[in-house]
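Fold and geometry: a report
These are the residues of each chain, in order.
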Amino acid sequence: MRIGFNFTLGATAPMVRRLIAAGRIDYVELLVDNFLAVPPAQIAAAFDAPVGLHIMFSKFMERPEAELDELALRLTAIIRETRPIYVSDHIARFTHQGRHLLHLAEIDYAGEFERVADRVARWQDRLGCTIAFENYPSIMDGGRDAPDFFRRLTARTGCTVLFDVSNAVCATHNCGLPFEAWTEVIRSARQFHVAGYDHSVGQPPIVLDTHDRALAADTRAALALCRALVTDPEATITYERDDDLDEDRIIADIDTLRAVMAREPAHV
């Protein structure tokens, strides 16, 4: 299984290059929204490693058609130049009744399936590729419907799932969704994310996928289950870190991740 690191901030480029040179990571995941103004050829030449493209703010379920067409032109130019090992995006809401939300919000899995499936199919057509959609770190009870939603969505549209291990762990803490409920989704997934999490300061406290600390013990246990279910050697898992960017601590976590994911998969 290939191990990657997310690149979101220009200042971390030297560290990412050292991780590649030392053989600690096999690819770089670009948060491509941050580089839409950069010439595609310059993006392709940035790292001596394959890249994955992760889209955060396409808002493909809410944007007007003309804006999506314009965004798709920029993204397809980057896709052609970088030839990414995957393209991924998010299924979430960024507005409510015309107001922009501070944090992206979870959809109603049971009530919005048909509309989301239609938008997913059209977004894939615009980009001309299969897109891996990331699961949400659920807070409310409706998150229990997420595994079945993703199973139905992949069957309907041909999209895939970018399974965020730590998001699923957050959902276990927040709404009691057992991690094992994702087993069928994990078996079909080829792209994965993982990061540290923390508790919110508000009340009642919830668990947030903060990308700012080492992997928790229950996240490492969840990784071991994923490793038992994934047999594709070309599958990827990206270690996400956007704060506390201490290189030694990041290397320690990546080495832990590689030790877990390099094991031979068990049969579950």
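Anything mentioned here points back to the structure above.
Quick caveat, the model's predicted, so the values are computed rather than measured.

1. Some thoughts on the pattern of salt bridges
On inspection of all chains with the given rule, the structure shows 19 salt bridges. The residue Glu65 makes a salt bridge to Arg122 at a minimum N-O spacing of 2.7 Å. In this pair, Glu65 is assigned in helix α3 (residues 65-82) and Arg122 in helix α4 (residues 113-127), connecting sequence segments 57 residues apart. With a closest N to O distance of 2.6 Å, Asp232 and Arg190 form a salt bridge.

2. Focus on the pairing of strand β4 (residues 87-90)
Of the two faces of β4, the one holding Val87 and Asp89 and the one holding Ser88 and His90 are both buried throughout. Across two bridges, the pairing between strand β3 (residues 51-54) and β4 is parallel. Paired with Leu53 across the two strands is Val87, which belongs to β4. What joins β3 to β4 is α3, and the crossover it makes is right-handed.

3. A short note on the pairing of strand β5 (residues 93-96)
By the bridge criterion, three bridges tie β5 to strand β6 (residues 99-105) in an arrangement that is antiparallel. Along β6, the bridge assignment pairs Arg93 with Ala105. A loop of two residues connects β5 with β6, the two strands running antiparallel in sequence, and Gln97 in this loop sits at a positive phi of about 50 degrees.

4. Quick word on helix α5 (residues 146-157)
In this model α5 runs 16 Å from its N-terminal to its C-terminal C-alpha over twelve residues, within 8% of the 16 Å that 1.5 Å per residue would give. Along α5, the positions that sit buried rather than exposed are Ala146, Pro147, Phe149, Phe150, Leu153 and Thr157. Along the axis of α5, the buried positions cluster into a sector of 160 degrees, meaning they face one direction only. Buried residues belonging to α5 abut α4, β7 (132-134), β8 (160-164) and α7 (183-188). Following α5 by one or two positions, Gly158 adopts a phi angle in the positive range, close to 80 degrees.

5. So, the side chain of Glu240
When you line up the elements, Glu240 lands in the loop between β12 (236-239) and α9 (247-261). Lacking a salt bridge, the buried Glu240 has Arg241 as its closest oppositely charged neighbour, with an N-O distance of 11 Å. Among the polar contacts made by the side chain of Glu240, one reaches the side chain of His193 at a distance of 3.3 Å. Reaching out from Glu240, the side chain makes a polar contact with the side chain of His211 at a distance of 3.3 Å. Look past the residues within four positions of Glu240 in its chain and what remains in contact with it is Asn6, Glu29, Asp164, His193, Val194, Ala195, Asp209 and His211.

6. A word on the packing of aromatic side chains
Inspection of the entire model under this criterion finds 15 aromatic pairs. An angle of 45 degrees between the planes, with centres 5.4 Å apart, marks the rings of Phe60 and Phe133 as tilted. Placement of Phe60 in the loop between β3 and α3 and of Phe133 in strand β7 is noted, with a sequence separation of 73 residues between them. Comparing Phe60 with Phe133, the two get one shared label, buried. Measuring from ring centre to ring centre gives 5.0 Å for Tyr109 and Phe149, while their planes differ by 55 degrees; the resulting arrangement is tilted. Of the two residues, Tyr109 is situated in the loop between β6 and α4 and Phe149 in helix α5; the sequence distance between them amounts to 40 residues. When its relative accessible area of 3% is taken as the criterion, Tyr109 is described as buried. The ring centre of Phe113 lies 3.9 Å from the NZ or CZ of Arg152, which sits over that ring.

7. Focus: the sheet that holds β7
Taking strand neighbours around the barrel as the criterion, the eight strands line up as β1-β2-β3-β4-β7-β8-β9-β12 in a closed arrangement whose pairing is parallel. The sheet shows a mean angle of 30 degrees between the axes of neighbouring strands, taken without regard to direction. Relative to β8, β7 runs parallel, the two being bridged by three bridges. Residue pairing for β8: Ala132 is matched across the bridge by Thr160. Where helix α6 (residues 165-175) meets the sheet, it contacts β7, β8 and β9 (191-194), and its direction lies at approximately 65 degrees from that of β8.

8. Some points on the nonpolar core
In terms of nonpolar packing, the biggest core is built from 80 residues, with Ile91, Trp123, Phe163 and Phe192 touching the most fellow members. The residues contacting Trp123, other than those within four sequence positions of it, are Ser58, Phe60, Leu68, Leu71, Ala72, Leu75, Asp89, Ile131 and Phe133.

9. A closer look at the packing of α4 against α5
How two helices pack is summed up by the angle between their axes together with the distance between the axes. The contact between α4 and α5 brings their axes to 10 Å, and the two run at 45 degrees. Considering their axes alone, α4 and α5 lie oblique with respect to each other. When the axes of α4 and α5 are compared, the crossing they make is right-handed. Residues Phe113, Glu114, Val116, Ala117, Val120, Ala121 and Gln124 of α4 form the contact with α5, whose own contacting residues are Phe149, Arg152, Leu153, Arg156 and Thr157. Considered class by class, the residues forming the contact of α4 with α5 number seven nonpolar, two polar and three charged.

Rules of the game
- Residues numbered from 1 in each chain as written.
- Predicted model: local features only at pLDDT ≥ 70, side-chain atom pairs only at ≥ 80, totals over all residues.
- Heavy atoms only, no water.
- Salt bridge = Lys/Arg side-chain N within 4 Å of Asp/Glu carboxyl O.
- Helix = DSSP H or I, 4+ residues; strand = E, 2+ residues; numbered from the N terminus.
- Buried < 20%, exposed > 50% of the residue type's maximum accessible area, 1.4 Å probe, protein only.
- Pairing = 2+ DSSP bridges.
- Right-handed = clockwise from strand over helix to strand, strands pointing away.
- Expected span 1.5 Å × (residues − 1).
- Arc of directions from axis to C-beta.
- Contact = heavy atoms within 4.5 Å.
- Lys, Arg positive; Asp, Glu negative; His and termini not counted.
- Polar contact = N/O pair within 3.5 Å; in protein donor to acceptor, adjacent residues only side chain to side chain.
- Phe/Tyr/Trp six-rings, centres within 6.5 Å; stacked < 30°, edge-to-face > 60°.
- Lys NZ or Arg CZ within 6 Å of the ring centre and 35° of its normal.
- Axes fitted to C-alpha atoms, helices over the stretch in contact; angles between N-to-C directions.
- Core = buried A, V, L, I, M, F, W, Y, C linked by side-chain atoms within 4.5 Å.
- Parallel < 35°, antiparallel > 145°, perpendicular 65-115°, else oblique.
- Left-handed = near helix turned anticlockwise from the far one by under 90°.
- Nonpolar A, V, L, I, M, F, W, Y, C, P; charged D, E, K, R; others polar.

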